[in-house]
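A look at the structure
The lines below spell out each chain.
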Amino acid sequence: AALPAPDTAGLAAVLKSAVAQGAPGALARIDDRGRAHLVTRGVADRATGRALSTDDRFRVGSVTKTFSAVVLLQLVDEHRLVLDAPVNRYLPGLLPDDRITVRHVLGHRSGLYDYTNDMFASSVSGFEAVRTKVFTYRQLVALSLKKPRTNAPDAAYAYSNTNFVVAGLLIEKLTGQSVRTAYRNRIIEPLKLADTFYVHPDTAIPGRYARGYLTPDTAGAPLVDATAQTVSWAQSAGAIISSARDLDVFYSALLKGKLMSAARLAEMERFTPVNSTTAYGLGLRRRDLSCGVSVYGHTGAVQGYYTYAFGTKDGSRSLTAMANTSNNGKVLDTLAGALESAFCGKR
Ligand SMILES: CC1(C)S[C@@H]2[C@H](NC(=O)CCCC[C@H](NC(=O)C[NH3+])C(=O)[O-])C(=O)N2[C@H]1C(=O)[O-]
């Protein structure tokens, strides 16, 4: 059935609420069968008052996880990786349990503890302690392995950044290239994503970008400009920089089957229920909206930036929404309303 027209007035109201709840700015872009709808609110830079533009680049956080999953699923298509093989077959001795497979890692079913739970228990001091640090993947995995696993392999879904750090190690081992090269050769250049970069460990965002502001844990304390950071704590789990246009192109191309075989996309879309309205596949989230439409993509939360990037099953319509703050649950929840406006239309 054809989707209702996007509700751009509703979208503007969502962004207005996000700004009222503490985001300096918020943006949204819908690409609907070649037609773009652009909405913005507030500022990209609190110091200069520059208005936020939908052209501004930003840190996408865990939307990066879909990029990493795409590379690995392409390697499965190339018969260079077996999804149900143990991770330790490719990275001997990395993990303490040979039963943990590549599929478990990409579906957050490995049980590997998420080291960011400790790293960011205190939001601002945790961020300041790592914002210029450069970690190796193995240092991050070691942080995780200091803690007990959350579940036996495949026994449960438990979101963990550690899983996509392991994915980065797999990408580098199997391609013999950096994840930066793998993203560029396999996704960024083929799709001509001119605003999409992996610059780790550089802290600067190339070109024109929105500054990002971390909301402190203490109510009323000033926002912290979190724009400059290595994102080395996340890397292949969260360090990509992109734009609303590029993420719409990326998820539309993915969902249209342009990035891997139909068989592999079907594997990516085998979903584990997370709660009543969301499910997780392989580096891909499904969100079931109030109007019965399901959308596919990923969310992101990195210091200074919240992102929603989702598309319809056939990739004909995609939406990216971003607010340039984080650690603000009200803004994260409000921004989810952009999905309803974009895909369910006027209510
Ligand atoms: C599951 C999520 C929302 S969290 C996960 C990942 N981001 C992180 O793990 C960073 C967490 C710390 C971010 C920080 N929060 C704190 O410091 C809280 N003490 C903030 O908000 O700036 C990402 O991105 N994912 C989102 C996803 O996949 O949707």
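Conventions and cut-offs
Residues numbered from 1 in each chain as written. Predicted model: local features only at pLDDT ≥ 70, side-chain atom pairs only at ≥ 80, totals over all residues. Heavy atoms only, no water. Helix = DSSP H or I, 4+ residues; strand = E, 2+ residues; numbered from the N terminus. Rg over C-alpha atoms; globule rule 2.2 N^0.38 Å. Buried < 20%, exposed > 50% of the residue type's maximum accessible area, 1.4 Å probe, protein only. Areas by Shrake-Rupley, 256 points an atom, 1.4 Å probe, with all protein chains shown as cover. Near = heavy atom within 4 Å. Polar contact = N/O pair within 3.5 Å; in protein donor to acceptor, adjacent residues only side chain to side chain. Nonpolar A, V, L, I, M, F, W, Y, C, P; charged D, E, K, R; others polar. Salt bridge = Lys/Arg side-chain N within 4 Å of Asp/Glu carboxyl O. Phe/Tyr/Trp six-rings, centres within 6.5 Å; stacked < 30°, edge-to-face > 60°. Lys NZ or Arg CZ within 6 Å of the ring centre and 35° of its normal.

The number of helices and strands found in the protein chain is 13 helices and 13 strands. Taken against the 2.2 N^0.38 rule, which gives 20 Å for 347 residues, the C-alpha radius of gyration of the protein chain at 19 Å falls within 12% of a compact globule. Taken over the C-alpha atoms alone, the protein chain extends approximately 50 × 50 × 35 Å along its principal axes. Counting every position in the protein chain, which comprises 347 residues, the buried fraction comes to 61%. Roughly 13000 Å² of accessible area belongs to the protein chain as shown, and the carbon and sulfur atoms make up 51% of that amount.

This part takes up the site of the ligand. Around the ligand sit 16 residues, and of these S62, F120, T299, A301 and S326 come closest. In the model, an oxygen atom of the ligand is placed 2.8 Å from a nitrogen or oxygen of the N161 side chain. Between the ligand and the protein, one listed contact pairs an oxygen atom with a side-chain N or O atom of R285 at 3.0 Å. The fraction of the free accessible surface of the ligand (650 Å²) that becomes covered by protein chains is 79%. With four residues, strand 10 (residues 294-302) is the largest single contributor of residues to the shell around the ligand. For the shell around the ligand, the per-class residue count stands at five nonpolar, ten polar and one charged.

Let us now look at the pattern of salt bridges. Scanning the model with the defined rule gives 24 salt bridges in all. R80 is paired through a salt bridge with E78; the nearest N and O atoms lie 3.0 Å apart. One salt bridge connects E128 with R131, and the closest N-O pair in it is separated by 3.5 Å. For E128, a relative accessible area of 38% corresponds to the partly exposed category. Looking at R131, the relative accessible area reads 14%, which means it is buried. Within the structure, one salt-bridge network assembled from shared partners comprises D77, D84, R103, R264, E267 and R270.

For the rest of this paragraph, the subject is unusual backbone geometry. The amide bond that connects H200 to the next residue, P201, takes the cis arrangement and shows omega of 10 degrees. Counting through the fold element by element, P201 comes out in the loop between helix 9 (179-188) and strand 4 (213-214). Of note, H79 is a non-glycine position whose phi angle comes to about 60 degrees, a positive value. Mapping H79 onto the fold places it in the loop between helix 2 (64-77) and helix 3 (87-90). H79 gets classed as exposed once you look at its relative accessible area, which sits at 73%. Even without being a glycine, Q235 presents a positive backbone phi close to 50 degrees.

All right, on to the packing of aromatic side chains then. One pass over the structure, following the stated rule, counts eight aromatic pairs. Judged by centre distance (4.9 Å) and plane angle (80 degrees), the ring pair of F120 and W233 falls under edge-to-face. Residue F120 is located in the loop between helix 5 (116-119) and helix 6 (123-130), and its partner W233 is located in the loop between strand 5 (224-225) and strand 6 (241-242); the two are separated by 113 residues in the primary sequence. On the basis of relative accessibility, which here comes to 16%, the residue F120 falls in the buried class. A relative accessible area of 6% places W233 in the buried class. With centroids separated by 4.9 Å and ring planes inclined at 65 degrees, the aromatic side chains of F250 and Y251 adopt a geometry described as edge-to-face. Taking the relative accessible area as the measure of exposure, Y251 reaches 0% and is therefore buried. The aromatic ring of Y213 is capped on one face by R46, whose charged end is 5.6 Å from the ring centroid.

The values reported here are purely geometric and, on their own, carry no functional implication.
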